[in-house]
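# Structural characterization, general
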Amino acid sequence: MTTLLLNKPYGVLSQFTPEEGSRWRCLSDFVDTPQVYAAGRLDADSEGLLILTSNGRLQQRLTDPRFGHWRSYWAQVEGTPNTTQLQQLCDGVMVQGRQTLPAKARWLQGQDQPQLAERTPPIRYRAAIPTSWLLLSLTEGRNRQVRRMTAAVGLPTLRLVRCCIDLMDNGPPLDLTGLQPGSCRVVTAAEQERLNRLISSSSSAGAQRGGHRRGGHRRG
């Protein structure tokens, strides 16, 4: 089994085949390892941690909503959050007619703010409106969910970076440490052992569905 961690840049699809007529690049521009595909997705205009694997059972285990892996994001938003807005994000908000699951939300200030290079292209800037960084953690992954959640409480997202994925095994989350945008690395032996344990702990029914692939994700 091959498993990679990629820091996906802005403007890149979470798949290895380009879409006809699309202005976005794809993963094959950054990863040349054969027979791997994305375990989950990031929108083209989002950045950050993406797990690539050759094992279908691992892909299923990491994306099956029954297991509720916490995924954390740095969201640069327009405006200054208040206590009410942060609590609304934690409690859940209405997104496309459905309440989101409870989340974790924290305003990052001072040295807690992520130290990231400027994005290309740069975010929208308005001189009269400040921007703030939030740390948001979710266990679900609905379409453009973070952006829809922050917009629902009056804090439009300008930049979104997935910073870590918790394997929910009492070990440290997988994160972006040492990964510049566009770079990837093979997981360490210790990380691979943890991923192997996730597979072995899956139910037999889940394991049987592990070969499911989403169109365009696999590289072969």
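Structural data are supplied above this passage.
Here goes a summary of the coordinates provided. The model shown is predicted, which means the values in this text are computed figures rather than measured ones.

About the cut-offs
- Residues numbered from 1 in each chain as written.
- Predicted model: local features only at pLDDT ≥ 70, side-chain atom pairs only at ≥ 80, totals over all residues.
- Heavy atoms only, no water.
- Helix = DSSP H or I, 4+ residues; strand = E, 2+ residues; numbered from the N terminus.
- Rg over C-alpha atoms; globule rule 2.2 N^0.38 Å.
- Buried < 20%, exposed > 50% of the residue type's maximum accessible area, 1.4 Å probe, protein only.
- Contact = heavy atoms within 4.5 Å.
- Areas by Shrake-Rupley, 256 points an atom, 1.4 Å probe, with all protein chains shown as cover.
- Lys, Arg positive; Asp, Glu negative; His and termini not counted.
- Charge placed at Lys NZ, Arg CZ, Asp CG, Glu CD.
- Polar contact = N/O pair within 3.5 Å; in protein donor to acceptor, adjacent residues only side chain to side chain.
- Axes fitted to C-alpha atoms, helices over the stretch in contact; angles between N-to-C directions.
- Parallel < 35°, antiparallel > 145°, perpendicular 65-115°, else oblique.
- Nonpolar A, V, L, I, M, F, W, Y, C, P; charged D, E, K, R; others polar.

A separate point is the overall build of the protein chain. Scanning the protein chain for helices and strands turns up 5 helices and 11 strands. The C-alpha radius of gyration of the protein chain comes to 17 Å, within 12% of the 17 Å expected for a compact globule of 220 residues. Projected onto the principal axes, the alpha-carbon positions of the protein chain cover approximately 50 × 35 × 35 Å. Each of the 220 residues in the protein chain was classed as buried or not, and the buried ones make up 48%. For the protein chain, restricting intrachain contacts to residue pairs at least 6 apart in sequence, the fraction spanning at least 24 positions comes to 73%. By element, 49% of the accessible surface of the protein chain is carried by carbon and sulfur atoms, the whole surface being about 11100 Å². Of the side-chain charges in the protein chain, 28 are positive and 18 negative, and the distance between the mean point of each set is 4 Å.

Turning our eyes to something else, we now look at unusual backbone geometry. Where the residue is not glycine, phi is negative for most of them; where a peptide bond is considered, it is trans in most cases. Across the junction of Thr120 and Pro121, the peptide omega takes the value 0°, indicating a cis bond. Tracing the backbone through its elements, the reader meets Pro121 in the loop between strand E7 (104-108) and strand E8 (131-138). Even without being glycine, Met168 reaches a positive phi, approximately 60°. Its location among the elements puts Met168 in the loop between strand E9 (157-165) and strand E10 (174-175). Residues other than glycine seldom take positive phi values, yet Asn170 does so here, at roughly 70°. Examined against the element boundaries, Asn170 turns out to sit in the loop between E9 and E10.

What follows concerns helix H1 (residues 56-63). In terms of residue burial, H1 counts as a mostly covered element, since 6 of its 8 residues are buried. Every buried residue belonging to H1 is among Gly56, Leu58, Gln59, Gln60, Arg61 and Leu62, and all of these are buried. Among the residues of H1, the N-terminal cap falls to Asn55, whose side-chain oxygen and the backbone nitrogen of Arg57 are separated by 2.9 Å.

Take the packing of H1 against helix H4 (residues 189-201) next. Interaxial distance between H1 and H4 falls to 9 Å at its minimum, and their mutual angle equals 80°. On the basis of the axis angle, H1 is roughly perpendicular to H4. Here Arg57, Leu58, Arg61 and Leu62 of H1 lie close against H4, whose contacting residues are Leu195, Leu198, Ile199 and Ser201. When grouped by side-chain class, the residues that make up the contact of H1 with H4 number 5 nonpolar, 1 polar and 2 charged.

This part covers the environment of Leu13. If you trace the backbone, Leu13 turns up in the loop between strand E1 (3-8) and strand E2 (37-38). Placed 11 residues apart in sequence, Leu13 and Trp24 show a C-alpha to C-alpha distance of 6.4 Å. In contact with Leu13, other than residues within four places in its own chain, are Glu19, Ser22, Trp24, Arg25, Cys26, Leu27 and Ala44.

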